[in-house]
Structures are given as structure tokens and as C-alpha cells.
Amino acid sequence: MKMAAITVRPPTLKKMEALGFSLMIVAAVLMAAAVWGGPHRFQEDVVLNPGEYYLYTLSGHQWSTVYFSIKSTQPVTVCITDGTGVEMLKSGESPLCFFKAEDTTSIEKIWRFPEKGPLYLVLVPAPGTRQARVSITVKSGLVLW
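Rules and cut-offs
Residues numbered from 1 in each chain as written. Predicted model: local features only at pLDDT ≥ 70, side-chain atom pairs only at ≥ 80, totals over all residues. Heavy atoms only, no water. Helix = DSSP H or I, 4+ residues; strand = E, 2+ residues; numbered from the N terminus. Buried < 20%, exposed > 50% of the residue type's maximum accessible area, 1.4 Å probe, protein only. Contact = heavy atoms within 4.5 Å. Disulfide = S-S within 2.5 Å. Core = buried A, V, L, I, M, F, W, Y, C linked by side-chain atoms within 4.5 Å. Pairing = 2+ DSSP bridges. Salt bridge = Lys/Arg side-chain N within 4 Å of Asp/Glu carboxyl O.

Section: the overall build of the protein chain
No. 1: Within the protein chain, the secondary structure is distributed over two helices and six strands.
No. 2: In sequence order, the secondary structure elements of the protein chain are arranged as α-β-β-β-α-β-β-β.
No. 3: Looking at the protein chain as a whole, 34% of its 145 residues qualify as buried.
No. 4: The long-range share in the protein chain, meaning contacts at least 24 apart out of those at least 6 apart in sequence, stands at 80%.

Next up, the structure:
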């Protein structure tokens, strides 16, 4: 009579295999998220005349952030808003803002998205100002904390 041989691996080897597999899954998910929510950089110099505004679309999710730096020769209002705020701005009203800095000539900010985008970075010259030359730098991407 012949008996079948059953080989049992040591328990520590099974644990190491499970840990390795788990780490591979976590790494794959993080890599996919990094590629999907990859970093973006934008830089531009614009001229704003009285009564005009500048609109830049921000794409992101609740786990992403945007860094922006704005320097202007004249005071401007910086506002981050959604589609409703843009419609208000187009109709001549003041938009509702998730973030707002009024009458500034220089601002540097890291800001976290409160909801899935798109959201809009809006620049409006302060009332009574002359032509404003504005330098804008925007960086956005995924943040995992």
C-alpha cells in the first residue's frame, strides 16, 4: 500500500508570502493612483484690464491639493469657486468662493480640494485699479495624507 505524501510549509513562510502579496497590491494601487492623479504645473503671465476677470480650471479630487502663487502689479481678488460661482461671475454678481483673498498683490497658498473638481481659480482686479499685470503659477497633484 502506497501513501500520498503531504508537504506542509512552515507557518513563517506562509506569513511572509501573504505579507509580500499584500505589499504588492498596496504598491500597485498607489502607483495607479499616482498615475491617475499625477502632478500638473502651469505658469502664465496675464494682463487684466478694469472690468475683466481671468479664469483657470482646476482638476482634482478630495485627496488632491493645489499650490498657487500669484504676484500682481495692482490689487486683485483671488477666488476658488465651482461652476455655480462662475455663472454668478458671468452674470455680474460676486461669486461664492471656497477660498478668497481680496485686494492682494502677492499670495502663495497650498489648498486642498473640498470636493471633486472641476473648480475654478478666478482673478478679478480690485475696483478702481488700472491695468494689472499678473504672474500665475499653479501646481497640483495627489497627496496621500
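Regarding the state of the cysteines
No. 1: Inspection of the entire model under this criterion finds one disulfide.
No. 2: Covalent S-S linkage joins Cys79 and Cys97, the inter-sulfur distance amounting to 2.0 Å. Looking down the S-S bond of the Cys79 and Cys97 bridge, the torsion is -110°, so its handedness is left-handed. Taken together, the residues Cys79 in strand β3 (residues 64-81) and Cys97 in the loop between α2 (83-90) and β4 (99-112) connect sequence positions 18 residues apart.

Structural notes on the nonpolar core
No. 1: In terms of nonpolar packing, the biggest core is built from 24 residues, with Phe68, Ile70, Val78, Leu121, Val134, Ile136 and Val138 touching the most fellow members.
No. 2: The set of elements that each furnish at least two residues to this core consists of β1 (40-48), β2 (54-58), β3, β4, β5 (119-125) and β6 (132-142).
No. 3: Every residue in contact with Ile136, bar those within four places of it in the chain, is listed here: Phe42, Gln43, Glu44, Asp45, Val46, Tyr54, Ser69, Ile70, Leu121 and Leu123.
No. 4: Counting residues in each nonpolar core, the second largest holds five residues, with Cys79, Leu89, Tyr120 and Val122 among its members.

What about the pairing of β3?
No. 1: Across the 18 residues that make up β3, a large majority, 14, are buried.
No. 2: The pairing of β3 with β4 spans 11 bridges and is antiparallel. Within the sheet, the bridge partner assigned to Val78 lies in β4 and is Ala101.
No. 3: Relative to β5, β3 runs antiparallel, the two being bridged by six bridges. Looking at β5, one finds that Ile80 is bridged to Leu121.

Observations regarding the pattern of salt bridges
No. 1: As enumerated under the stated definition, the model contains one salt bridge in all.
No. 2: Here Glu102 ties to Lys100 by a salt bridge, and the two come within 3.6 Å at their closest N and O atoms.
No. 3: On the basis of relative accessibility, which here comes to 56%, the residue Glu102 falls in the exposed class.

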